[in-house]
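Below are the chains, spelled out letter by letter.
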Amino acid sequence: MGRPLLALPLTATSTVPAEKIRMRCSCIPLPSGLNLGLNTMKASKIFAVSLLSLTLAAGAQEKQKANPSPSDPPIPTRAMGQGLYEQNGANSCLYCHGVTGEQGKVAAAAKLTHPKAWKSYKGLGGDAAFNKNKAEFLSRLETSVVDLILKGAVAHNATYKPDYFNWKATGGPINGQMLGVSGAPSAAWIKKYQARGVTKEIAAKAVYLYLQKFDTEGVFKN
Ligand code: HEC
């Protein structure tokens, strides 16, 4: 009974050498009931290992796709956004905001884990507007934040004036340290992929898609 259970995960995993498992399984004779329990336990353990290695493989694939490949159509993707976000060097998104969206090197940087505290969220009417018409709110939030990421705070503060945005509700203009994609590592990254059709606008949208993964408040949850 234990054999078939073991057979499947064994072929599925490459991380556990077959010999090792067989050695452990050339078992001390046990009453059949116990034996079954032991094998089932081992099987589920091995199955968990296979699942883990599958997950790791998927993660590695995701990592590989982080930068646009020549075959990618020039559309904003989360993976592209991750490639941009995780650039090294002073004034990358990661540098100021941190790899997990918070606790980066710039203390004033917004917590990307808490979108409800963003000035853009407040300027668009906060929770009341969010609850009233979520689709419209999210569409406006994208427009606002992508504009900020694209231009950086100084230009965004001076030019972003749609009728639905209330600057009085934000508690002041957006901190000039927020450079968005005009930070040197981001600008260099975009330049590097320009020939593949990646524009500043595509890059800003891609990184906006990526940063939604930091959300702990359910704002971007479907
Ligand atoms: C030099 C540091 C710095 C860099 C580089 C930077 N940011 Fe920021 N960012 C800030 C600061 C500071 C704030 C807080 C602004 C405020 O609350 O007034 C901020 C705010 C934000 C916000 C919240 C906006 C809001 O409405 O309150 C988002 C989203 C954001 N940054 C995303 C990014 C992304 C994506 C990148 C990279 C393309 C990036 N930032 C690069 C410093 C930086």
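Residues numbered from 1 in each chain as written. Predicted model: local features only at pLDDT ≥ 70, side-chain atom pairs only at ≥ 80, totals over all residues.

1. Observations concerning the confidence of the model for the protein chain
Averaged over every residue, the pLDDT of the protein chain is 79; residues scoring 70 or more account for 67%. Within the model, the stretch residues 1-43 combines pLDDT values under 50 with 33 contacts to residues more than four positions away or in other chains. Long-range and interchain partners of residues 51-64, a stretch whose pLDDT sits below 50, account for four contacts in this model, where long-range means more than four residues apart. (pLDDT = per-residue confidence, 0-100. Contact = placed C-beta atoms within 7 Å.)

2. Considerations on the site of the ligand
Taken together, 26 residues are adjacent to the ligand, and Cys93, Cys96, Ser120, Asn175 and Met178 come closest. Going through the elements one at a time, helix 5 (93-97), helix 6 (119-123), helix 8 (134-151) and helix 11 (200-211) are the ones with two or more residues in the shell around the ligand. (Near = placed C-beta within 6 Å. Helix = DSSP H or I, 4+ residues; strand = E, 2+ residues; numbered from the N terminus.)

3. Re the packing of helix 4 (residues 78-85) against helix 11
Helix 11 packs onto helix 4 with a crossing angle of 95 degrees between their chain directions and a minimal axis gap of 7 Å. With respect to their mutual orientation, helix 4 and helix 11 come out roughly perpendicular. Here helix 4 contributes Arg78, Met80, Gly81, Gln82, Leu84 and Tyr85 to the contact with helix 11, which in turn contributes Ala203, Ala206, Val207, Leu209, Tyr210 and Leu211. Class assignment for the residues of the contact of helix 4 with helix 11 results in nine nonpolar, two polar and one charged. (Axes fitted to C-alpha atoms, helices over the stretch in contact; angles between N-to-C directions. Parallel < 35°, antiparallel > 145°, perpendicular 65-115°, else oblique. Nonpolar A, V, L, I, M, F, W, Y, C, P; charged D, E, K, R; others polar.)

4. Details of the nonpolar core
One finds Leu84, Tyr85, Ile149, Ala203, Ala204 and Val207 to be the most contacted residues of the largest nonpolar core, which totals 32 residues. Of all elements in the fold, only helix 4, helix 5, helix 8 and helix 11 reach the threshold of two or more residues within this core. When residues no more than four places from it in sequence are discounted, the contact partners of Ile149 are Gly180, Val181, Ala204, Val207 and Tyr208. (Core = buried A, V, L, I, M, F, W, Y, C linked by C-beta atoms within 7 Å. Buried ≥ 20, exposed ≤ 12 C-beta atoms within 10 Å, placed from the backbone.)

5. Observations regarding the environment of Lys119
The topology assignment puts Lys119 in helix 6. For Lys119, a count of 22 C-beta atoms within 10 Å translates into the label buried. For the pair Lys119 and Thr170, spaced 51 residues apart in the sequence, the C-alpha separation amounts to 4.8 Å. Setting aside residues no more than four positions away along its own chain, Lys119 makes contact with Thr170, Gly171 and Ile174.

6. A few points about unusual backbone geometry
A positive phi is found at Asn91, a non-glycine position, where the angle reads about 75 degrees. Take Asn91: it is sitting in the loop between helix 4 and helix 5. Backbone geometry places Gln103, a non-glycine residue, at a positive phi of 60 degrees. Structurally, Gln103 can be placed in the loop between helix 5 and helix 6.

7. Observations regarding the packing of helix 8 against helix 11
Where helix 8 meets helix 11, the closest approach of the two axes is 9 Å, and the angle between their N-to-C directions is 120 degrees. On the basis of the axis angle, helix 8 is oblique to helix 11. Once helix 8 is placed against helix 11, the crossing between them reads as right-handed. Contacts from Glu142, Val145, Val146, Ile149 and Leu150 of helix 8 reach helix 11 at Lys200, Glu201, Ala204, Lys205, Val207 and Tyr208. (Left-handed = near helix turned anticlockwise from the far one by under 90°.)

8. Considering the environment of Glu217
Relative to the assigned elements, Glu217 resides in the segment after helix 11. When the C-alpha atoms of Glu217 and Lys116 are compared, they prove to be 7.4 Å apart, with 101 residues separating the residues in sequence. For Glu217, the residues in contact, after removing those within four places along its chain, are His114, Pro115 and Lys116.

9. Description of helix 4
For helix 4, the tally of buried residues reaches six of eight residues, placing the bulk of the element in the interior. In this fold, the buried residues of helix 4 make contact with helix 5, helix 10 (184-193) and helix 11.

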